[in-house]
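# Structural features, examined
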Amino acid sequence: MFTDKIMAPLYHNICGILPNRDNEGRIIIYFRANHYNSSICEPDDVLRAAQALGHFVLTFPATQICGIALIADLKVDSLQVLQLLVRYVKWALPSLHAFPARFQKVDCVNTNVFVRTMMNLFCSLVPVKLLKRTTFHDSDAKALLKTYDASLLPEEFGGTMGSLKEVSQFYIEKIEEYIPKLQASNRYYKRKNTIPFPES
């Protein structure tokens, strides 16, 4: 079933939403490519899940006003993670200018020389405003505490909220209920050579 495929990356915390907004009212979403495993799901399922998250958070008026804060864990510890990241960048970059939400803050953690070099190659394709709002952190477990209150973050990001597996359950059921609506609306703009939401 299609819903099961798109929910797999969310259940395994490859991507998802944190339950509390930051002090600027921005909803916090996360993407952890290094937790991807081909035994869990296909790469396209991760991209569909990320796309579904983007559309889901826009259903909240507060998100439309305050925007989105993204935490991306860019640790690369296997070839399949690298392949997923390259596929994600290839999919995401062309749609950044058209995405109807504002990424007000992007924090990339666990970045190394290789990742930063790759980002420099793609920076010409990224909107200048987004680049100015992006911060690269090293592998310091407490790096995000410089910009986020510890109570807003799970233990995996150096916070005190609890484990990510626990706190991510806050939105899981709501997203699962939303997927059929997104799947139905996708019929109106489905194009070839994209990653669509199939009808089943």
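What comes next is a walk through the structure. (Residues numbered from 1 in each chain as written. Predicted model: local features only at pLDDT ≥ 70, side-chain atom pairs only at ≥ 80, totals over all residues. Heavy atoms only, no water.)

## A few points about the state of the cysteines
To keep things clear, this is the line we draw: Pairs of cysteine sulfur atoms within 2.5 Å are what we label disulfides. The buried label goes to any residue with under 20% of its type's maximum accessible area, the exposed label to any with over 50%, and the partly exposed label to all in between, with areas taken from a 1.4 Å probe on protein chains only.
A full pass over the atoms with the stated rule returns 0 disulfides. This cysteine, Cys41, is not joined by any disulfide, and Cys15 carries the nearest cysteine sulfur, 8.5 Å off. For Cys41, a relative accessible area of 6% translates into the label buried.

## What to know about the packing of helix α2 (residues 43–57) against helix α4 (residues 79–92)
Heads up, the rule is: Comment: axis = line fitted to C-alpha atoms, over the contacting stretch for helices; angle = value between 0 and 180 degrees taken between N-to-C directions. Numbering of helices and strands runs from the N terminus; a helix is a DSSP stretch of H or I covering at least four residues, while a strand is a stretch of E covering at least two. Roughly parallel means an angle under 35 degrees; roughly antiparallel, over 145; roughly perpendicular, 65 to 115; everything else is oblique. It is the rotation of the near helix from the far one that decides the hand of a crossing: anticlockwise by less than a right angle makes it left-handed, clockwise makes it right-handed. Residue contacts are defined here by distance: any two heavy atoms, one from each residue, within 4.5 Å place the two residues in contact. Gly is placed with the polar residues, together with every amino acid not listed as nonpolar (Ala, Val, Leu, Ile, Met, Phe, Trp, Tyr, Cys and Pro) or charged (Asp, Glu, Lys and Arg).
Two elements in contact, α2 and α4, have axes separated by 10 Å at closest approach and are oriented at 45°. Classed by the angle they form, the pair α2 and α4 counts as oblique. Seen along the crossing, α2 lies across α4 with a hand that is right-handed. Of the residues in α4, those in contact with Pro43, Asp44, Val46, Leu47, Ala50 and Gln51 of α2 are Leu84, Arg87, Tyr88 and Trp91. For the contact of α2 with α4, the class distribution of residues is 7 nonpolar, 1 polar and 2 charged.

## Some words on unusual backbone geometry
Not every positive phi belongs to a glycine, and Asn13 is a case in point at roughly 60°. You can see Asn13 is positioned in the loop between α1 (2–11) and β1 (15–17). The exposure class of Asn13 is buried, given its relative accessible area of 6%. One non-glycine residue, Asn110, lies in positive phi territory at about 60°. Looking at the secondary structure, you find Asn110 in the loop between β4 (103–109) and α5 (113–122). Asn110 sits in the partly exposed class, given a relative accessible area of 21%.

## Regarding the pattern of salt bridges
The cut-off we apply is this: By salt bridge we mean one thing: a side-chain nitrogen of Lys or Arg within 4 Å of a carboxyl oxygen of Asp or Glu.
Enumeration over the complete set of coordinates arrives at 3 salt bridges. The shortest N-O distance in the salt bridge between Asp22 and Arg26 comes to 2.6 Å. Both residues of the pair, Asp22 and Arg26, count as buried. With its nearest N and O atoms 3.5 Å apart, the salt bridge here joins Lys105 to Asp107. Of the two residues, Lys105 and Asp107, both sit in the buried class.

## As for the nonpolar core
Most often, soluble globular proteins have nonpolar side chains that are buried together. Rules: In plain words, nonpolar cores are sets of buried Ala, Val, Leu, Ile, Met, Phe, Trp, Tyr and Cys residues tied together by side-chain atoms within 4.5 Å.
Judged by nonpolar contacts, the single largest core of 40 residues is most densely connected at Leu10, Ile17 and Ile175. Of all elements in the fold, only α1, β1, β2 (27–32), α2, β3 (68–73), α4, β4 and α8 (169–185) reach the threshold of two or more residues within this core. In terms of nonpolar packing, the next biggest core, distinct from the first, is built from 12 residues, Ala69, Val109, Tyr148 and Val167 among them.

## Section: α4
For clarity, the cut-off: Expected span of a helix, by definition, is 1.5 Å for each gap between consecutive residues, and there is one gap fewer than residues. To be clear, the arc concerns the directions from the helix axis to the C-beta atoms.
Over its 14 residues, α4 extends 20 Å from the first C-alpha to the last, a length consistent with the 20 Å expected when each residue adds 1.5 Å. When α4 is considered as a whole, its buried residues turn out to be Val81, Leu84, Leu85, Val89 and Ala92. Buried residues along α4 cover an arc of 130° about the axis, so they all sit on one side. Set apart from the buried face of α4 by more than 90 degrees, the exposed residues are Leu79 and Lys90.

## Focus: the sheet that holds strand β5 (residues 134–136)
Operational definition: A pair of strands counts as paired when DSSP detects no fewer than two bridges linking them.
Reading across from one edge, β1-β2-β3-β4-β5 is the order of the 5 strands in this open sheet, with mixed pairing throughout. Strands at the two margins of the open sheet, each flanked by one partner only, are β1 and β5. Between one strand axis and the next, the sheet turns by 15° as a mean value, whatever way the strands run. Taken together, the 6 bridges between β2 and β3 define a ladder with parallel strand orientation. The residue of β3 that forms the bridge with Ile29 is Leu70.

These results come straight from atomic positions and should not be treated as a statement about function.
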